[in-house]
Each structure stands twice: as C-alpha cells, then as structure tokens.
Amino acid sequence: MPMLDIGLLVAVMALVLFGLLMVYSASIALADGPRYQGYGRFYFVGRHALFIAIGLLGAGIVAAVPMRVWHKLTVPLFVCALLLLVLVLVPGLGREVNGARRWLPLGLLNFQPSELMKFAMMLYAADYVVRKQSHLQGFVAGFVRGFLPIALALIVVGVLLLLEPDLGAFIVIGAIAVGILFIGGINLKLFTLMLGGVMSSFLLLIWLSPWRRERLFVYLDPWNPDNAYGSAYQLSHSLIALGRGEWFGVGLGASIEKLHYLPEAHTDFIVAVIGEELGLVGLLCLMAVFVFIVLRAFDVARQAMVLERAYESLVAQGVALWIGVQAFINVGVCLGLLPTKGLTLPLVSYGGSGIVMNLAAMALLLRIDHEMRCLMRGKRR
C-alpha cells in the first residue's frame, strides 16, 4: 500500500494549476482599466503564484506535524484566530477595502483572519465533539454541557465576522461547525434547535440589512432593467458569460465578459469566465474534481473511524464540508441559484489567505490519510 494518496494529491495540484491559468486569463485585461492602472498585466497572476508558493510551503509544514500535536494545539489555535478577528476591527490595524475591514496588512501581503478561523473552527469543533461526546446525547443535560458552549463560541465568532462584515465566511464556518456536530452524534432535538437558530439568525441578518435584502430579491429577477444595471449587475453578466460559453466554450483566453464587464472576474466570479471560455463541459470537469476530493475526504474519515481515530475522522469530514460547501455556494452564486455572496472558489480563485488555508486543509487531509495507512501497516506515526 502506498503511504500517500497520489490520486488526491494529483486532484488538488490540478485544481491549483488550473486556477493559476484561469486567474491569468481572467485578470490579464484588468491593467487596461482605470481601477488597476499601473498594476501591469502579470500583477495578479504573479501574486497568485506567490501565494501558491507560500501555501505549498505552509502545507508542507502542516503535513509534517502529527495529528496528536494538532489535537493539542486545537484550543490555542482557536483562541489565536479569535484574537486576530478582534485585531482586524481595531482602527489602524485592520485594512478597510470597499467598506469592509477584513485584512491585516503584513507589508507586501495582507492576511484575512476569517480564513484562519475556518481552519481553527474545523479543528475546534472536532475536538469539542470528542471531549463532549457523553454530553451530546441527552437533551436537558446535553443543552447545558454539550450544546451551549459551542453555540456561544459560534455566536462570538459570528458577531466578530459580521462587524467586518463577512457574512459569507460566517456561513461557511457555521456549516463546518454544525456539520461536524451532526456527524458527531449530537441529540437530534438539539441539532434541530441549533440549525433553526442558525438559519433564523441568517434570515434576520439579511432582512435587517437593506443591501443584503436587496441582493436576496434581485437574484430572483436579474433581468429586470432596474436590477440588471444595479444590484444584479454581476449576476446578469455572469449569466451572459455562461450563456456565451454554451457546450464547449469560446476558447481559452477569448472571454468577452472579463474585459471590464464582469466585476471580480478573477475572484468571486471566476466560474463565469471558466464557463465562457471552456463551456459546460469544462465546468462539469471542474465540478467532477471537487466531487472527487470531497468524496475522498469522507472516505478517509470513514477509514479513520474504523481505526477508532474519532478526532482525525471528524477533521477529515470538516475538510470535506469546508471545500464542498464553499464550492457549492460559489458555483450556485455564479449560476444564479443562490443570492450573490462574496466567496471564492477553493483552490482556484485569486485570493491570498484563501489559497494558503485551502492548501493547509488539504495537507491536513493528506496527513490523516498517511497516518491511517501507517496504522494499517502496523506502524505508529
């Protein structure tokens, strides 16, 4: 038995290299516009390549650390991520872009603490389920000792993220935590209560925020002239790009919508450029790779559970939830199936902190798989 999942490694690297190619294609024309004058044609692809290099270096470090060490570092890492979410809100420390304060400037690079929180919450929720397993089954006792602490932690994280604001990151983090609790065997009544509370909070936040409420309604009718030239501008041009691509696309590099018609073509709406240039067939191939990675993560989790490694199993399932949910939301937004939300496509879209933490999550999954293979061969790692 090989000591490394070659198929999973190839799938991840294929997405990363494909993303580098599509970021170059989607961003090459941005230097011609007034917003990015002086950046140069290779500015974004160069920075993306730098972030990939940093991510690969970080992934190597993550993969070298045994899971028992990660288990011990879970709570300190979660506290550190929480402190960074506080620091990003401090005037003078956090960097504000387009009205949102989500980044900590680190010289030439910016760091987004919400991406680290996704990683930290995945580990924390897995550790929490392992520690509180005996309290998650009952309803009354389970509510106080099993449900309430993780709910309070999620509320604190949610408040900090909404102050940035970053509802998209909160949705993904909430999905990771709730999903791990459900898989970990929380009492069904408590899970229903928690899910209802989370969904009600999301709906309330959308309803109380005029611009979020507007996004919710305009995506239902993006071709209305008032919407197409307003809040649904991105969505309408995303749909135009996908329509132009038809089955096999207009050809790599031949997208029209990326020429200053579709905003954020290299980040949140890179799927639209892929659909226009490579067509429905290209998008289906891309989605097939994501499905393979998610299913492989669940398979690694199943093997870990068979070998009685509950923490490792829950972390692997957390990786699957993270990548699967975020990819689903991003593609759903670009296809007009979900309201517009600022989330990147994992491992593909331009984004410094995102690509670094995505690679760290993949490295953690490969580490878990490696340790399970060692256990099956009678070796201890």
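Procedures and definitions
Residues numbered from 1 in each chain as written. Predicted model: local features only at pLDDT ≥ 70, side-chain atom pairs only at ≥ 80, totals over all residues. Heavy atoms only, no water. Helix = DSSP H or I, 4+ residues; strand = E, 2+ residues; numbered from the N terminus. Expected span 1.5 Å × (residues − 1). Buried < 20%, exposed > 50% of the residue type's maximum accessible area, 1.4 Å probe, protein only. Contact = heavy atoms within 4.5 Å. Pairing = 2+ DSSP bridges. Axes fitted to C-alpha atoms, helices over the stretch in contact; angles between N-to-C directions. Phe/Tyr/Trp six-rings, centres within 6.5 Å; stacked < 30°, edge-to-face > 60°. Salt bridge = Lys/Arg side-chain N within 4 Å of Asp/Glu carboxyl O. Patch = residues over 30% accessible without salt bridge, like charges linked within 9 Å, V, L, I, M, F, W, Y side chains within 5 Å. Areas by Shrake-Rupley, 256 points an atom, 1.4 Å probe, with all protein chains shown as cover. Left-handed = near helix turned anticlockwise from the far one by under 90°.

Caption draft 1: Expanded view of helix α10 (residues 233-245). Compared with an ideal rise of 1.5 Å per residue, which puts 13 residues at 18 Å, α10 spans 19 Å between its outermost C-alpha atoms and is within 8% of the ideal. Listed in full, the buried residues belonging to α10 are Q234, L235, S236, H237, S238, A241, L242 and G245. For α10, the elements touching its buried residues are α9 (225-228), α11 (270-306) and α12 (310-334). Within two residues after α10, E246 carries a phi angle of roughly 50°, on the positive side.

Caption draft 2: The sheet that holds strand β3 (residues 109-111), seen in detail. In space, the three strands of this open sheet follow the order β1-β2-β3, with antiparallel pairing throughout. The sheet is open, and its two borders are formed by β1 (95-97) and β3, each paired with just one other strand. On average, each strand axis in the sheet is tilted by 50° relative to the strand beside it, whichever way the strands run. For strand β2 (residues 100-106) and β3, the ladder comprises three bridges, and the chain directions are antiparallel. Within β3, the position partnered with L104 by the bridge is F111.

Caption draft 3: Structural view of the packing of aromatic side chains. Under the defined criterion, the tally for this structure stands at eight aromatic pairs. Taking the centre distance of 6.0 Å and the plane angle of 5° together, the rings of Y39 and F44 count as stacked. Its relative accessible area of 36% is what places Y39 among the partly exposed residues. Their ring planes at 70° and their centres at 5.8 Å tell us that W70 and F119 sit as a pair that is edge-to-face. Here F119 lies in helix α4 (residues 113-131) and W70 lies in helix α3 (residues 67-87), a separation of 49 residues in the sequence. Each of the two residues, W70 as well as F119, counts as buried. Members of the aromatic cluster, connected to one another through ring pairs, are Y39, Y43, F44 and Y350.

Caption draft 4: Structural context of the pattern of salt bridges. Scanning the entire structure with this criterion turns up 12 salt bridges. Its salt-bridge partner being D32, residue R41 comes within 3.5 Å of it at the nearest N-O pair. Two residues, E277 and K258, come together in a salt bridge whose shortest N-O distance is 3.1 Å. Residue E277 is found in helix α11, and its partner K258 is found in the loop between α10 and α11; the two are separated by 19 residues along the sequence. No difference in accessibility class separates E277 from K258, as the two residues are buried.

Caption draft 5: How the structure looks around a nonpolar patch on the surface. Taken together, L148, L152, I155, V159 and L163 make up a surface patch of nonpolar side chains, about 450 Å² in accessible area. Among the secondary structure elements, V159 is positioned in helix α5 (residues 140-163).

Caption draft 6: Just the side chain of S27, in detail. The residue S27 is located in helix α1 (residues 6-27) in this model. Accessibility expressed as a relative area gives 1% for S27, which makes it buried. Apart from the residues lying within four places of it in its own chain, the contact partners of S27 are R41, F44, V45 and H266.

Caption draft 7: Inspection of the pairing of β2 at higher detail. Taken together, the three bridges between β1 and β2 define a ladder with antiparallel strand orientation. Bridge pairing links E96 to R101 in β2. Hairpin connection of β2 to β3: two residues between the antiparallel strands, including G107 at a positive phi of 75°.

Caption draft 8: Representation of the packing of α12 against helix α13 (residues 352-376) in the model. At a closest axis distance of 10 Å, the pairing of α12 and α13 adopts a crossing angle of 145°. As α12 runs across α13, the sense of the crossing is left-handed. Listed contacts from α13 to E312, V315, A316, V319, W322 and I323 of α12 are M357, N358, A361, M362, L364, L365, I368, E371 and M372.

Caption draft 9: Focus on unusual backbone geometry. Residue E164 is joined to P165 through a cis peptide bond whose omega torsion reads -5°. Along the chain, P165 turns up in the loop between α5 and α6 (167-183). For E246, which is not a glycine, the phi torsion comes out positive at approximately 50°. One can find E246 in the loop between α10 and α11. Taking relative accessible area as the criterion, E246 reaches 59% and is therefore assigned exposed. At E308, a position not held by glycine, the phi torsion is positive, near 60°. Tracing the chain through its elements places E308 in the loop between α11 and α12.

Caption draft 10: Fine view of α12. Relative to the 36 Å expected for 25 residues at 1.5 Å per residue, α12 spans 36 Å between its end C-alpha atoms, a close match to the ideal helical length. Taken across its 25 residues, α12 has 21 buried, putting it largely inside the fold. Within two residues after α12, G336 carries a phi angle of roughly 80°, on the positive side.

Caption draft 11: Just the environment of Y24, in detail. Position of Y24 relative to the elements: it lies in helix α1. Judged by relative accessible area, Y24 falls into the partly exposed class, the value being 30%. In this structure, the C-alpha to C-alpha distance between Y24 and G230, residues 206 residues apart in sequence, is 28 Å. Discounting residues that sit within four places of it in the chain, Y24 has contacts with F42 and V45.

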